Amino acid sequence: MSEVKTGHPKGLWVLFGTEMWERFNFYGMRAILTLFLVNSLLMKEEDASLLYGGFLGLCYLTPMLGGFISDRFFGNRNCIMLGGLMMATGQLLLFFSASTFGTNLGLANSLMWIALGVIIFGNGFFKPNISSMVGSLYPKQEKSKLDTAFTIFYMGINLGAFLGQTICPYIGDVEVGGIRDVHAFKWGFLAASIAMILGTLVFFFLKNKYVVTPEGKPLGGLPSKNDASDFEEGEAQKAEFTTKSLVLALISFVALFFLFRFILDGHNFIKTLIYPIIYASGITLAGLIISDKSLTKVERDRIIVIYIVAFFVIFFWAAFEQAGSSLTFIADNQTDLNFLGWQMPPSMVQVFNGVFVFGFALPFSILWDKLRAAGKEPMSPMKQAIGLGLIALSYFIIANNVKDLGNSGLLGIKWLILLYLIQTFAELCLSPIGLSLVGKLSPKRFASLLFGVFFLSNAAGYALAGTLGSILPNTGDKFLKATELGIDLQGVLDKKIVPTAEQVDLMTKNHIAPENPVFVGFEIHNLYEFFMVFVVLTGIASIVLFSLKPLLKKLMHGVK
Ligand code: GLN
């Protein structure tokens, strides 16, 4: 523990504080976003889930761009400032959207789209640059401290998430006399904007003094001033692709885009435009790197390990990122939110993830240290397989708890808390480990691009999360509403009753789906089946990844 107090540069705490406020802004907004879309902007839950997946996906696609622009032109510092200001502006636009929807829904909608666009690019500038600055605080001979540094940084992320997911729902997701105040969301967005401004100010005022090399030289300045001391002698510093391979990459991107567009056909433009862009960019970039002629056999093998892991990680994030969409809708519509005698706002339930990460990040890193000392530490991809297995378990438990609820029973909040606890353990097995695995396996000249591929696999996971969230069947509130309208919804869903045109109209107006959702040919009849989709997907992913152990071990060539 004394390591933590004394062994780390002060700059780490500046980055910690900056990232904490930024994640406050991001996760605070994420907590209330889908509820705002559904309740204030009157979007269907299905569309809100698709939008949420597309938004998060793009937030993890733009870091490629942010990283590139920083490396070539602006440097880390400028990109962090720019990204921070953009995100603060985006949140302010959401505040305006949430202030105007009552009088001008069209304007509120336009503001929302612009806001999310600005946040996506802001995140792209901010996120990769702040993470890479953590690494550059440590000189080459101190790189062994990086694992602890990233654990501390990960705690900053989640302290921010915790604060944001407490405060934004507390002031933004409010009930008055048992009825949701749809005008309150704006305060949540305003708080997010203020948090981002604070984060930017922390960085602006403290960077020159603390975010420096041990010799006191400023870090993350303009790229022309970088020094080459971190590279082995004779090692290429930058990946240079031939024009031929770039042209081929472009052609395959277009072909893949149309392939995914064809597979994902539907009416929603996020599904047919944004998701194909995300999937196609990930595969194209991966192909571009692996086909590079300068790679040795060992390098190529290790990159293949990164790709295999990145592929499985997709299923993890797809299941994990139900937090802000389907799980929040369930918390809102079919959960008894009584928490120690207090009615918790539904969007606040997500906070348990941040709370648990904060509480368990250090114990987990100590656990890995102990296992390592005893020679029993599992290799990184196996930790990821454990993570996938745990997330399958979390959904299995919840599936069995919703099994007997029927259409009107309420899920106890403790089951959602348990779900977030197990999912947090899963996250700690998988997320920080993934980043350091990429760091260890990448040839240096391809490191940032391979981080890009890894982030793109997160993006693909979020896009899949959007698709999966959109197959949430009607929850309890819909059945209640249908009964109020004099419609036997279960009868309609079971095709025992054919609704009249007037009833269909009423259902559409109240966002009640007249049919059960379908996923790869399977009809999802109820919440039990919905959750089992995640059990099956992540369970299979976990088993397959476990069984690949001997192959992965061979391909890693000695890296643990
Ligand atoms: N919760 C972490 C963060 O916000 C990790 C998210 C991720 O890697 N997809 O940084």
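Before going further, it helps to spend a moment on the overall build of the protein chain. From N to C terminus, the protein chain includes 20 helices and 8 strands. Its C-alpha atoms put the protein chain at 75 × 50 × 50 Å along the principal axes. Burial analysis of the protein chain (560 residues in total) assigns 56% to the buried set. Intrachain contacts of the protein chain at a sequence separation of at least 6 include 80% that bridge at least 24 residues. Summed over all atoms, the accessible surface of the protein chain reaches about 24100 Å², with 67% contributed by carbon and sulfur.

The next subject is the site of the ligand. In the vicinity of the ligand, the residues found are Arg23, Tyr27, Tyr60, Lys127, Tyr154, Ile157, Trp317, Glu427, Ser431, Asn458 and Tyr462. Here an oxygen atom of the ligand and a side-chain polar atom of Tyr27 are 2.7 Å apart. In the environment of the ligand, a nitrogen atom lies 2.6 Å from a nitrogen or oxygen atom belonging to the side chain of Tyr462. Looking at the shell around the ligand, the elements that each hand over two or more residues are helix 2 (10-39), helix 6 (146-172), helix 14 (413-441) and helix 15 (447-469). Taken together, the residues of the shell around the ligand break down into 6 nonpolar, 2 polar and 3 charged.

Right, let's talk about unusual backbone geometry for a bit. Positive phi outside glycine occurs at Leu340, with the angle close to 50°. Here Leu340 lies in the loop between strand 4 (338-339) and strand 5 (342-343).

Counted according to the given criterion, the structure contains 15 salt bridges. Close ionic contact of Lys297 with Asp301 constitutes a salt bridge, the shortest N to O distance being 2.7 Å. You can see Lys297 and its partner Asp301 sitting in helix 10 (residues 297-320), 4 residues apart, about one turn around the helix. The exposure class assigned to Lys297 is exposed, which follows from its relative accessible area of 58%. Residues Glu484 and Lys481 are paired through a salt bridge, measuring 3.5 Å at the closest nitrogen-oxygen approach. Linking Glu484 with Lys481, this pair stays in helix 16 (residues 476-484), spanning 3 residues, or about one helical turn. Accessibility expressed as a relative area gives 59% for Glu484, which makes it exposed. Taken together, the shared-partner salt bridges connect Glu19, Glu22, Arg23 and Lys127 into one network.

This brings us to helix 20 (residues 549-556). Inspection of helix 20 places Leu552, Leu555 and Met556 among the buried residues, and these make up the whole buried set. Along the long axis of helix 20, the arc covered by the buried residues comes to 100°, so they all point the same way. With respect to the buried face of helix 20, the exposed residues turned more than 90 degrees away are Pro550, Lys553 and Lys554. Summarising the contacts, the buried residues of helix 20 are in contact with helix 10, helix 13 (380-402), helix 14 and helix 19 (527-547). One or two steps after helix 20, the chain reaches His557, where phi turns positive at roughly 50°.

Attention shifts here to a nonpolar patch on the surface. On the surface, Ile194, Ile197, Leu198, Leu201, Phe204, Phe205 and Leu206 cluster together into a nonpolar patch covering about 630 Å² of accessible area. On the secondary structure map, Ile197 appears in helix 7 (residues 185-210).

Once that is clear, we can look at the packing of aromatic side chains. Counted under the stated rule, the structure contains 34 aromatic pairs. Each ring, one from Trp317 and one from Phe320, has its centre 5.2 Å from the other, and the planes form 80°; the classification is edge-to-face. Placement of both Trp317 and Phe320 in helix 10 is noted, with a separation of 3 residues, approximately one turn of the helix. Exposure class is identical for Trp317 and Phe320. Each is buried. Taken together, the ring pairs connect Phe339, Phe352, Phe356, Phe360, Phe364, Trp368 and Phe425 into an aromatic cluster. The ring centre of Phe26 lies 4.4 Å from the NZ or CZ of Arg23, which sits over that ring. We note Lys383 situated over the ring of Trp368; from NZ or CZ to the ring centre the distance is 4.2 Å.

What follows concerns helix 11 (residues 326-333). When you tally the buried positions in helix 11, you get 7 out of 8 residues, the bulk of the element. When helix 11 is considered as a whole, its buried residues turn out to be Ser326, Leu327, Thr328, Phe329, Ile330, Ala331 and Asn333.

Quick look at the packing of helix 4 (residues 62-100) against helix 5 (residues 105-136) now. When two helices pack together, their arrangement is given by the angle between their axes and by how far apart the axes lie. Interaxial distance between helix 4 and helix 5 falls to 5 Å at its minimum, and their mutual angle equals 150°. Of the possible angle classes, the one that applies to helix 4 and helix 5 is roughly antiparallel. Every pair of crossing elements has a handedness; the one defined by helix 4 and helix 5 is left-handed. Of the residues in the contact of helix 4 with helix 5, the class split is 28 nonpolar, 16 polar and no charged.

Turning our attention to the nonpolar core. Phe55, Tyr395 and Phe531 are the most contacted members of the largest nonpolar core, which totals 164 residues. With 16 residues, helix 10 is the single largest residue contributor to this core. Ignoring any residue separated from it by four or fewer positions in sequence, one finds Phe531 in contact with Leu327, Ile330, Tyr395, Ile398, Ala399 and Val402. With 8 residues, the next largest nonpolar core counts Phe479, Ile487, Leu489 and Leu493 among its residues.

For residues with low pLDDT, the predicted coordinates do not support detailed interpretation. Confidence in the prediction for the protein chain averages 91 pLDDT; 96% of positions are at 70 or higher. The low-confidence segment residues 1-6, where pLDDT is below 50, has 6 contacts with residues more than four positions distant or belonging to other chains.

On to the side chain of Thr335, then. Tracing the backbone shows Thr335 in strand 3 (residues 335-336). Overall, the relative accessible area of 8% leaves Thr335 in the buried class. Within the structure, Thr335 has its side chain in polar contact with the backbone oxygen of Ile330 (distance 2.9 Å).

Criteria and cut-off values
- Residues numbered from 1 in each chain as written.
- Predicted model: local features only at pLDDT ≥ 70, side-chain atom pairs only at ≥ 80, totals over all residues.
- Heavy atoms only, no water.
- Helix = DSSP H or I, 4+ residues; strand = E, 2+ residues; numbered from the N terminus.
- Buried < 20%, exposed > 50% of the residue type's maximum accessible area, 1.4 Å probe, protein only.
- Contact = heavy atoms within 4.5 Å.
- Areas by Shrake-Rupley, 256 points an atom, 1.4 Å probe, with all protein chains shown as cover.
- Near = heavy atom within 4 Å.
- Polar contact = N/O pair within 3.5 Å; in protein donor to acceptor, adjacent residues only side chain to side chain.
- Nonpolar A, V, L, I, M, F, W, Y, C, P; charged D, E, K, R; others polar.
- Salt bridge = Lys/Arg side-chain N within 4 Å of Asp/Glu carboxyl O.
- Arc of directions from axis to C-beta.
- Patch = residues over 30% accessible without salt bridge, like charges linked within 9 Å, V, L, I, M, F, W, Y side chains within 5 Å.
- Phe/Tyr/Trp six-rings, centres within 6.5 Å; stacked < 30°, edge-to-face > 60°.
- Lys NZ or Arg CZ within 6 Å of the ring centre and 35° of its normal.
- Axes fitted to C-alpha atoms, helices over the stretch in contact; angles between N-to-C directions.
- Parallel < 35°, antiparallel > 145°, perpendicular 65-115°, else oblique.
- Left-handed = near helix turned anticlockwise from the far one by under 90°.
- Core = buried A, V, L, I, M, F, W, Y, C linked by side-chain atoms within 4.5 Å.
- pLDDT = per-residue confidence, 0-100.

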